[in-house]
There are 2 protein chains.
Amino acid sequence: MSQLLHDVVSELSKLPGIGRRTAMRLAIHMLRMEPDSVRDMTHSIDRFRHEIKYCTCCNNLSDDTICPICKNDERDHSTICVVEQVADLLSIENTRQYRGLYHVLGGVISPMQGISPSDLKIDLLINRVAQQEVKEVILAIPTSIEGETTLFYLMNRLRQFPDLKITAIARGIGFGDELEYVDELTITHALLNRRELE
Amino acid sequence: MSQLLHDVVSELSKLPGIGRRTAMRLAIHMLRMEPDSVRDMTHSIDRFRHEIKYCTCCNNLSDDTICPICKNDERDHSTICVVEQVADLLSIENTRQYRGLYHVLGGVISPMQGISPSDLKIDLLINRVAQQEVKEVILAIPTSIEGETTLFYLMNRLRQFPDLKITAIARGIGFGDELEYVDELTITHALLNRRELE
């Protein structure tokens, strides 16, 4: 095989979810793209990896020291939604329903993987709540053993602010989910938190 | 959203089979990679796109004017296997069963997509057979309407060489395929070409 093809396939195969076959298909596809388009793509990857910053306020990915969400005066600065990772923030932004700020933890507490509270941006969150006029913290943490641990840890730390409202996103059956395939824990949650219809 | 993240997601989404969600996942993954590893990847893509050549003999992807397969004296230069694309050549090479040469057409004849015989490397193949001592041409063309058209066109062109053996790869039930899910045309082929067991 051509060494150039071999190299590009090896490199692309290192990405998650991309095996040798997909890498080959991507490489062959690139041959049909304009050389300048391919250069634009690789340039955007290099710039992203080397120039991206983390917002010093909320730990979101950002081009500057402060991200566009934290900078935006039209957003509700008294509400902070805590998420595990940037992808979660983007999913919530896509709904266009939330107008408050965010806080990206950068992971969840996991003794198994050696991730302790000090590895996450938890102190930064506590400082934000202490220094700014925050009325509500919404915990949008994943439902896993690690997620629950993180949730309880955060609740304990946040309880020092007596006037702060601490909420968690609702658990239940997802839109379009079939009960048959939903796990027992979720069904239990959904039953316990049932609401009366008017 | 960060402009740098936005740009990399837009660029990656242009690749086949990569939607915005996958592009986002890949971008986030790259943040966990060493900056140098990311640079190695983009560098290999750029080099591949800008430096790759096509073998002037068989039209395979190549680092040089002539590809390693055509250069290899230990291979059987009297047999040429004709394939639609480089990926097909690589699939056959992976079996390690074939020791002849190849010829990559670069597509199949498709009036619907405006691909005529002159758009493919067919004249190059005819010249090879005319000038070199080729004993057999194996047609490993896909089984589709376009594939069949190409097959018949090639057979007509190759018939000018009276001593040339022209063969096509066997059609039949694939290894591990369940008859229940195999299409009628393949089953018909497999029945017509049944062989006596010894």
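Treat the numbers as computed from the prediction; the structure is a model and nothing was measured.

## Some details on the pattern of salt bridges
Okay, step 1: Per the stated rule, a full pass over the model turns up ten salt bridges over all chains.
Okay, step 2: Between Lys14(A) and Glu11(A) there is a salt bridge, with the nearest N and O atoms lying 3.4 Å from each other.
Okay, step 3: Look at Glu11(A) and you get buried, because its relative accessible area is 13%.
Okay, step 4: The salt bridge involving Asp64(B) is made with Lys71(B); its shortest N-O contact spans 3.3 Å.
Okay, step 5: For Lys71(B), a relative accessible area of 49% puts it in the partly exposed group.

## A few points about the side chain of Arg75(B)
All names here are of chain B.
Okay, step 1: Here arginine 75 shows up in the loop between helix H4 (68-71) and strand E3 (76-83).
Okay, step 2: Among the polar contacts listed, one links the side chain of arginine 75 to the side chain of glutamate 93, at a separation of 2.8 Å.
Okay, step 3: What arginine 75 contacts, discounting residues up to four positions off in sequence, is Ile69, Glu93, Tyr98, Arg99, Gly100, Leu101 and Tyr102.

## Digging into the environment of Glu133(A)
Residues and elements named next belong to chain A.
Okay, step 1: Inspection of the secondary structure puts glutamate 133 in the loop between helix H6 (122-131) and strand E5 (136-140).
Okay, step 2: With a relative accessible area of 74%, glutamate 133 lands in the exposed category.
Okay, step 3: Beyond its immediate chain neighbours, meaning those up to four positions away, glutamate 133 contacts His77 and Ser78.

## Some thoughts on the relation of the copies chain A and chain B
Okay, step 1: Rotating chain A by 179 degrees about the axis while translating it 0.1 Å along that axis superimposes it on chain B, leaving an RMSD of 0.2 Å. Taken together, the rotation and translation describe the operation of a two-fold axis. When each C-alpha of chain A is compared by its distance to the rotation axis, Thr42(A) comes out closest, at 2.5 Å.
Okay, step 2: When the interface residues of chain A are mapped onto chain B, 100% of them again lie at the interface, so the same face is used by both copies.

## Side note on the interface of chain A and chain B
Okay, step 1: With 45 residues of chain A in contact, the opposing surface of chain B contributes 45 residues.
Okay, step 2: Here chain A meets chain B over a buried area of about 4600 Å², counting both sides, of which 72% is carbon and sulfur.
Okay, step 3: The interface formed by chain A and chain B includes zero salt bridges.
Okay, step 4: Between chain A and chain B we count 16 residue pairs in polar contact (both at pLDDT 80 or more) in total.
Okay, step 5: Elements that contribute at least two residues to the side of chain A that touches chain B include exactly helix H1 (3-13), helix H2 (20-32), helix H3 (35-51), strand E2 (61-62) and helix H5 (86-95) of chain A.

Conventions adopted
- Counting starts from 1 at the beginning of each chain's written sequence and moves along it residue by residue.
- The naming scheme follows written order: chains are lettered A onward, ligands numbered 1 onward.
- Residue-level local features of this predicted model are given only where pLDDT is at least 70; pairs of side-chain atoms are given and counted only at 80 or more, and the full residue set underlies all totals for whole chains, interfaces and linings.
- Note: side-chain values were computed over all heavy atoms of the structure, leaving out hydrogens and water.
- Put simply, a salt bridge is a Lys or Arg side-chain nitrogen that is within 4 Å of an Asp or Glu carboxyl oxygen.
- Note on exposure labels: buried denotes an accessible area under 20% of the residue type's maximum, exposed denotes more than 50%, and partly exposed covers the range between, all computed with a 1.4 Å probe on protein chains only.
- Numbering goes from the N terminus for both helices and strands, where a helix is a DSSP run of H or I of at least four residues and a strand is a run of E of at least two.
- Any N or O atom pair separated by 3.5 Å or less is treated as a polar contact, with the protein-specific requirement of one donor-capable and one acceptor-capable atom, and with residues adjacent in sequence counted only for side-chain atom pairs.
- Two residues form a contact once any of their heavy atoms are found within 4.5 Å.
- Least squares is the method used to superpose the copies, on C-alpha atoms of residues holding a pLDDT of at least 70 in both.
- Once two parts are joined, some of their accessible surface, as seen by a 1.4 Å probe, is lost; buried area is that loss totalled over both.

None of this, on its own, says anything about what the molecule does.
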